[in-house]
There are 2 protein chains.
Amino acid sequence: MSDTYKPEWAPEKDSDKFASRVMFGVKGGHDGMPDSSGENSQTKRAAVIKRKRLTVDDYVEGVLNGDRMILSRAITLVESNAPVHFEVAQQVIQKLLPYTGKSTRVGITGVPGAGKSTFIEALGTKLCEAGQKVAVLAVDPSSTVTKGSILGDKTRMENLSRQDNAFIRPSPSGGTLGGLTRKSRETLLLCEAAGYDTILVETVGVGQSETTVRSMVDFFLLVVLTGAGDELQGMKKGVMELADAIVVNKADGDNRPKAMVTRAEYERILHFLRPATENWKTNAYTCSAYTGDGIMELWDGVVSKFMEQGLENGVISERRKQQTLSWVYSMVEEHLHNLFYRSPSIIEYMPRVEDEVVEGKLSATRAVQELIKKFSATSLKAGIDNDITPFDIK
Amino acid sequence: MSDTYKPEWAPEKDSDKFASRVMFGVKGGHDGMPDSSGENSQTKRAAVIKRKRLTVDDYVEGVLNGDRMILSRAITLVESNAPVHFEVAQQVIQKLLPYTGKSTRVGITGVPGAGKSTFIEALGTKLCEAGQKVAVLAVDPSSTVTKGSILGDKTRMENLSRQDNAFIRPSPSGGTLGGLTRKSRETLLLCEAAGYDTILVETVGVGQSETTVRSMVDFFLLVVLTGAGDELQGMKKGVMELADAIVVNKADGDNRPKAMVTRAEYERILHFLRPATENWKTNAYTCSAYTGDGIMELWDGVVSKFMEQGLENGVISERRKQQTLSWVYSMVEEHLHNLFYRSPSIIEYMPRVEDEVVEGKLSATRAVQELIKKFSATSLKAGIDNDITPFDIK
């Protein structure tokens, strides 16, 4: 297709003599990452095919060398729903595992409009200028529906994206929350192996996203706006309990006094909540992503302090250990579910059982006994022989 | 043990001359139902052994004849954690299934102190006086920990318990929420088969209890006190969304005006919520369990109207259908979980996998793949051959 087009306001005829032709907006994200439109993901796939096929070792070496293009392709591999990609991706992850775990993992949430992205851009840029390598990821379950709502737009985080030490990756779209979690966690591991010092994981308050992100980061930051009262209405209950710090953004100009008041309000509420991390007092702060005030103070005075202390008293290693294990447990649950409902005998048998239960011919408990028996006797064994993968991939 | 004892305030010596000896409080509930203290459940078991052993048909016949003693024993059977009892119980349920589904199932919740029990006693008594047979059940997950906090005490609901048409059963204690749910649902079915017209299921706002009860009743009632604001703090978020009606209790004497205000407050909030039942507008009402004002008005004007309308437009049959099916699905999930974690190969293999994952030798995803493979190949098949029941019974 042509890379310019005639806008609707241009006159119909004599269009050649008429000068105005307009460039298409930028499609596709940074670093060869896909944007979320189906059309574009097709062009992406086409591009991938053209590129040299990489071996597991190519991926491992490239990631370890911090090659951003290969890192991006490794992530695309992890995000792929094709069984063949899945298998390669797992080999890559397995080989990179020893090189992971060295970064500072920070989760950032807040209601839409709280200014998460501008905050992340300001923070990330300052960290890069301080010589750090910063990766920005996103977890956005809504993207599975709305096809990518955060970080999906290249025009955001322009300054940060210009930094050589910054790597920005939008939320993978499609798939279940379980699949999304796996993809995000493994993307985080890839970035760590690629030598990124700080990984910022942005999320929106949709569904389970805060809990999901809390379960993969060391430090969880809640970005809020002035007017705690009103906002607390919209804020999902329990989110404050997850936070290791709350920062009132947009504390600049006329808004500054209001921000101080809001900060105090949050402090008051925090007083009644159990801190998210043992031996750590969650406090509220103010900052301005616009002027940059308070951003590095928050980083040096709070996040860095949290990491130092947590690494020293073992809280962080224990947290990461528990995070990984509970991730294993939740994947097990998901797999058992998939194995059951995808097994031929259940697919065949379930409708009849449902009818009998609904018609009151079969008690629910008996129904479950019989379903489990059927499943155990036949499906599962068969399922494994046919190597049906229980992961959320087609 | 003696049925009297010397209170601590009685003088040490000359205790024989000293008159004061005090009777023990009543142990054990109505209708030979167990109270929740471990000691008592032993005496109960002893009693059961003495009694004539009943066959499946004895149970079925007895329940259908509305024999309260046999109904109680059938419920005890359903609540038993012994596999042999479980099997008999299931045969009884299966045979009684055709006689269930005819009652009005009402769930009643509210924060502790809202006066649920007094409300239920007042309502139940009036319904009995109106010629109805009323069963009162309780679902209280906390009882698994605190050993029965609601309906556990015989001294409550004294008036109602004196009614011949009333049957009161405390929450079964012990076991998981899943087990508790099964026991409660099957108890409800037994009561229906025994011809109870109305089944009132009381629950406290602990854990998932509201959702659990909502998922087994037609109509869900939230009992609240005056001062919506303060109470809403303590109220679990989302409970109002489950309610088909909200009733402000203790609307008597000086408290009446305040109750009217509170009612209005709730109406205002309800205005913003999606009703729990389609084609039904959830409203707030006032009543007094003490004076009886508003109780039958609520029953005739709201609950009965709800049932008529719901039975006519099919909402209730559809709700019951969905309730039973989702119960089947949740039991399936629980079973798969139990089958997995109780399978010998996983019990043996899991610790090693956990270590390797924690030490970073094995990726979480790989770990899950291997666990599922191991499980599928060996445990499940074996588990079934050895007839390990995946239900929450020992």
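An unreviewed UniProt entry lists chain A under the name Methylmalonyl Co-A mutase-associated GTPase MeaB, with Candidatus Avacidaminococcus intestinavium as the source organism.

Would you mind going over the relation of the copies chain A and chain B with me for this structure?
For the match of chain A to chain B, the screw axis carries a shift of 0.1 Å, the RMSD comes to 0.1 Å, and the turn is 180 degrees. Here the copies are linked by what is in effect a two-fold axis. Residue Leu336(A), judged by its C-alpha, is the member of chain A lying nearest the rotation axis, at 3.2 Å. The fraction of interface residues of chain A whose copies in chain B are also interface residues reaches 100%, indicating that both copies meet through the same surface.

Any chance you could explain unusual backbone geometry here in plain terms?
Glycine aside, a negative phi is what most residues show, and trans is what most peptide bonds show. Within the chain, Asn279(A) stands out as a residue other than glycine whose phi angle is a positive 65 degrees. With respect to the helices, strands and loops of the structure, Asn279(A) is situated in the loop between helix H12 (255-270) and strand E9 (283-286). Take Asn279(A): its relative accessible area is 56%, and that puts it in the exposed class. Even without being a glycine, Lys250(B) presents a positive backbone phi close to 60 degrees. Among the structural elements, Lys250(B) can be located in the loop between strand E8 (245-248) and helix H12 (255-270).

Explanation requested: the pairing of strand E6 (residues 198-203) of chain A in the structure shown.
Here is the key point about a regular strand: its side chains alternate between the two faces of the sheet. Residue and element names in this part refer to chain A. For E6, a buried count of six out of six residues is recorded, marking the element as mostly surrounded by other parts of the structure. Of the two faces of E6, the one carrying Thr198, Leu200 and Glu202 and the one carrying Ile199, Val201 and Thr203 are both buried. Pairing analysis gives five bridges linking strand E3 (residues 104-109) to E6, with the strands arranged parallel. By the bridge assignment for E6, Val106 is matched with Leu200. Bridge analysis of strand E4 (residues 134-139) against E6 gives six bridges, and the strand direction is parallel. Across the sheet, the residue bridging to Val134 is Thr198, located in E6.

Teacher, can you tell me more about the sheet that holds strand E6 (residues 198-203) of chain B here?
Backbone-to-backbone hydrogen bonds pair the strands of a sheet. The strands run either parallel or antiparallel. Residues and elements named next belong to chain B. The strand order E5-E4-E6-E3-E7-E8-E9 describes an open sheet built from seven strands, whose pairing is parallel. In this open sheet, the two strands that pair with only one neighbour each are strand E5 (166-168) and strand E9 (283-286). Averaged over all neighbouring strand pairs, the angle between strand axes comes to 25 degrees, with direction disregarded. Bridge count for strand E3 (residues 104-109) against strand E7 (residues 219-224) is four bridges, and the pairing is parallel. Across the sheet, the residue bridging to Gly107 is Phe220, located in E7. Across the sheet, helix H5 (residues 116-129) lies against E3, strand E4 (134-139), E5, E6, E7 and E8, angled at about 175 degrees from E6, the strand it touches most. Against the sheet, helix H8 (residues 177-193) contacts E3, E4, E5 and E6, and its axis sits at roughly 180 degrees relative to E4.

Looking at this model, I keep getting lost on the interface of chain A and chain B. Mind explaining?
The accessible area lost on association of the parts is a frequent measure of interface size. Listed per partner, the contact involves 48 residues of chain A and 49 residues of chain B. Of the roughly 4,400 Å² buried between chain A and chain B, counting both surfaces, carbon and sulfur atoms make up 70%. It is Leu336(A), Thr365(A) and Arg366(A) in chain A that bury the most area against chain B; as a group they hold 13% of the surface buried on that side. Summed over the shared surface of chain A and chain B, the number is two salt bridges. Summed over the shared surface of chain A and chain B, the number is 12 residue pairs in polar contact (both at pLDDT 80 or more). By residue number, the principal contributor to the side of chain A that touches chain B is helix H14 (residues 315-342) of chain A, which donates 15 residues.

Honestly, the pairing of E3(A) in this entry has me stumped. Any pointers?
The element E3(A) is largely enclosed, with a buried count of six among its six residues. Every second residue of E3(A) is oriented toward a common face, with Thr104(A), Val106(A) and Ile108(A) on one face and Arg105(A), Gly107(A) and Thr109(A) on the other, all of them buried.

Would you take a moment to explain the sheet that holds strand E8 (residues 245-248) of chain A for this structure?
All names here are of chain A. One open sheet holds the seven strands; their spatial order is E5-E4-E6-E3-E7-E8-E9, and the pairing between them is parallel. Only two strands of the sheet have a single partner each, and these edge strands are strand E5 (166-168) and E9. Averaged over all neighbouring strand pairs, the angle between strand axes comes to 25 degrees, with direction disregarded. Along the sheet, helix H8 (residues 177-193) makes contact with E3, E4, E5 and E6, crossing E4 at roughly 180 degrees.

I tried to follow the packing of aromatic side chains on my own but got confused; where do I start?
Two aromatic rings, taken as a pair, are described by how far apart their centres are and by the angle between their planes. Under the counting rule described, the total for this entry stands at 12 aromatic pairs over all chains. With centroids separated by 5.0 Å and ring planes inclined at 85 degrees, the aromatic side chains of Trp280(A) and Phe306(A) adopt a geometry described as edge-to-face. Residue Trp280(A) is located in the loop between H12 and E9, and its partner Phe306(A) is located in helix H13 (residues 295-312); the two are separated by 26 residues in the primary sequence. For Phe306(A), a relative accessible area of 3% puts it in the buried group. In textbook terms, an aromatic cluster arises when at least three aromatic residues are bridged by ring pairs, as seen for Tyr329(A), Phe340(B), Tyr341(B) and Phe375(B). The ring of Tyr349(A) has Lys374(A) sitting right over it, with the charged end atom 4.4 Å from the ring centre.

I keep staring at the packing of H5(B) against helix H13 (residues 295-312) of chain B and nothing clicks. Help me out?
Between two packed helices, both the angle of their axes relative to each other and the distance between the axes serve to describe the pair. Residues and elements named next belong to chain B. Look at H5 against H13: their axes get within 9 Å of each other, and the N-to-C directions meet at 70 degrees. By the angle between their axes, H5 is roughly perpendicular relative to H13. Seen along the crossing, H5 lies across H13 with a hand that is right-handed. Contacts between H5 and H13 involve Phe119, Ala122, Leu123, Lys126 and Leu127 from the former and Ile295, Met296, Leu298 and Trp299 from the latter. Of the residues belonging to the contact of H5 with H13, the class tally is eight nonpolar, no polar and one charged.

Calculation rules
Just so you know, the residues in each chain are numbered from 1, in the order the chain's sequence is written. For this description, chains carry letters from A and ligands carry numbers from 1, given in the order in which they are written. Whole-chain, interface and lining totals are the exception, using all residues; otherwise, since this is a predicted model, local features are given only for residues with pLDDT of at least 70 and side-chain atom pairs are given and counted only at 80 or more. Side-chain measures here rest on the full set of heavy atoms in the structure, leaving out hydrogens and waters. The copies were overlaid with a least-squares fit restricted to C-alpha atoms from residues scoring a pLDDT of at least 70 in each copy. Note on contacts: a residue pair qualifies if any of its non-hydrogen atoms lie within 4.5 Å across the two residues. Secondary structure follows DSSP: runs of H or I at least 4 residues long count as helices, runs of E at least 2 residues long count as strands, and numbering of each begins at the N terminus. Burial classes: relative accessible area under 20% of the type maximum marks a residue as buried, over 50% as exposed, and values in between as partly exposed (1.4 Å probe, protein chains only). Should DSSP find at least two bridges between two strands, the strands are taken to pair. Axes here mean lines fitted to C-alpha atoms, for a helix over just the part in contact, with angles spanning 0 to 180 degrees between N-to-C directions. Each of two parts loses accessible area, computed with a 1.4 Å probe, when they are put together; buried area is these two losses added. Whenever a carboxyl oxygen of Asp or Glu lies within 4 Å of a side-chain nitrogen of Lys or Arg, that contact is scored as a salt bridge. For this analysis, a polar contact is any N or O atom pair within 3.5 Å, provided that within protein one partner can donate a hydrogen and the other can accept it, and provided that sequence-adjacent residues contribute only side-chain to side-chain pairs. Note on aromatic contacts: the rings of Phe and Tyr and the six-membered ring of Trp form a pair at centre separations within 6.5 Å, being stacked when their planes are under 30 degrees apart, edge-to-face when over 60 apart, and tilted otherwise. Either the NZ atom of lysine or the CZ atom of arginine qualifies as a charge over a ring when it sits within 6 Å of the ring centre and within 35 degrees of the ring normal. Convention used here: angles under 35 degrees read as roughly parallel, angles over 145 as roughly antiparallel, angles from 65 to 115 as roughly perpendicular, and any remaining angle as oblique. Crossing chirality is assigned from the near helix's rotation relative to the far helix, an anticlockwise turn below a right angle marking it left-handed and a clockwise turn marking it right-handed. Amino acids are sorted into nonpolar (Ala, Val, Leu, Ile, Met, Phe, Trp, Tyr, Cys and Pro), charged (Asp, Glu, Lys and Arg) and polar (every other residue, Gly among them).

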